[in-house]
Amino acid sequence: VESILSKFGQMILQVRMDGCRNLTDRSIEAITIHCPVLQSFSMNRCFGITDEGVRALVRCQRLRYLQLWGVKNVTISSIEFLEKNLGDLVTPIHSCHSDVRMDY
């Protein structure tokens, strides 16, 4: 995957990984490094991601749309971090993460 991202990542505007059981923080890290113009990212029901992966999305400063339904290993503090640091987000993240843990 990383070789594909390094070759074509500069052109990728949208990534949809909904339900991907193999998506990890390392995968998100690779996406954020190789897809600098990413505008939309959906990772609903991706149980392998944690706060570390979600916080890596801050590299994608053009990110406007983000969906995080059913991400059980992500805390509200990471969501708030993205809301604070990604000024172009259109999607109200607090309305799209029904299962995010509330511990800080």
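Higher on the page you've got the structure.
Residues numbered from 1 in each chain as written. Predicted model: local features only at pLDDT ≥ 70, side-chain atom pairs only at ≥ 80, totals over all residues. Heavy atoms only, no water.

**Digging into the overall build of the protein chain**
When helices and strands are tallied, the protein chain shows four helices and three strands. Along the protein chain, helices and strands appear, N-terminal first, in the series α-β-α-β-α-β-α. Relative to its 104 residues, the protein chain shows a buried fraction of 42%. Taking contacts inside the protein chain between residues at least 6 apart in sequence as the whole, the part at least 24 apart equals 74%. (Helix = DSSP H or I, 4+ residues; strand = E, 2+ residues; numbered from the N terminus. Buried < 20%, exposed > 50% of the residue type's maximum accessible area, 1.4 Å probe, protein only. Contact = heavy atoms within 4.5 Å.)

**Details of the environment of Gly53**
On the secondary structure map, Gly53 appears in helix α3 (residues 51-56). Considering only alpha carbons, one finds Gly53 and Glu29, 24 residues apart in sequence, at a separation of 6.4 Å.

**Looking at a nonpolar patch on the surface**
Together, Ile4, Phe8 and Met11 give the surface a local cluster of nonpolar side chains, amounting to about 330 Å² of exposed area. As for its placement among the helices and strands, Phe8 is situated in helix α1 (residues 2-8). (Patch = residues over 30% accessible without salt bridge, like charges linked within 9 Å, V, L, I, M, F, W, Y side chains within 5 Å. Areas by Shrake-Rupley, 256 points an atom, 1.4 Å probe, with all protein chains shown as cover. Salt bridge = Lys/Arg side-chain N within 4 Å of Asp/Glu carboxyl O.)

**Some thoughts on the pattern of salt bridges**
In the structure shown here, the tally under the stated rule is two salt bridges. When the shortest N-O distance is used, the salt bridge between Arg59 and Glu29 registers 2.8 Å. Here Glu29 lies in helix α2 (residues 25-34) and Arg59 lies in the loop between α3 and β3 (65-67), a separation of 30 residues in the sequence. According to the relative accessible area criterion, Glu29 is partly exposed, its value standing at 26%.

**Remarks on the packing of aromatic side chains**
The full count for this structure, using the stated rule, is zero aromatic pairs. A cation sits over an aromatic face here: Arg55 above Phe81, 4.6 Å from the ring centre. (Phe/Tyr/Trp six-rings, centres within 6.5 Å; stacked < 30°, edge-to-face > 60°. Lys NZ or Arg CZ within 6 Å of the ring centre and 35° of its normal.)

**A word on the layout of surface pockets**
In this approach the atoms are scanned with a rolling probe the size of a water molecule, which exposes any empty space left behind. Empty space within the largest pocket amounts to approximately 270 Å³. Along the walls of the largest pocket sit 15 residues, with Val1, Glu2, Leu5, Ser27 and Ala30 positioned nearest its centre. At the level of secondary structure, the elements contributing two or more residues to the lining of the largest pocket comprise α1 and α2. Sort the elements by how many residues they give to the lining of the largest pocket and α2 lands first, with six residues. (1 Å grid on protein atoms, 1.4 Å probe; cavity = no way out; pocket = protein on both sides within 12 Å on 5 of 7 lines; lining within 4 Å. Points joined across faces, edges and corners; volume = space filled by probe spheres on them.)

**Considerations on the nonpolar core**
Formed by 26 residues in total, the largest nonpolar core has its most connected members in Phe41, Met43, Leu63 and Leu66. Residue assignment for this core shows that the elements contributing at least two residues are α2, α3 and α4 (76-85). Excluding residues within four positions of it along the chain, Leu63 makes contact with Leu38, Gln39, Ser40, Phe41, Leu57, Leu86, Asp88 and Leu89. (Core = buried A, V, L, I, M, F, W, Y, C linked by side-chain atoms within 4.5 Å.)

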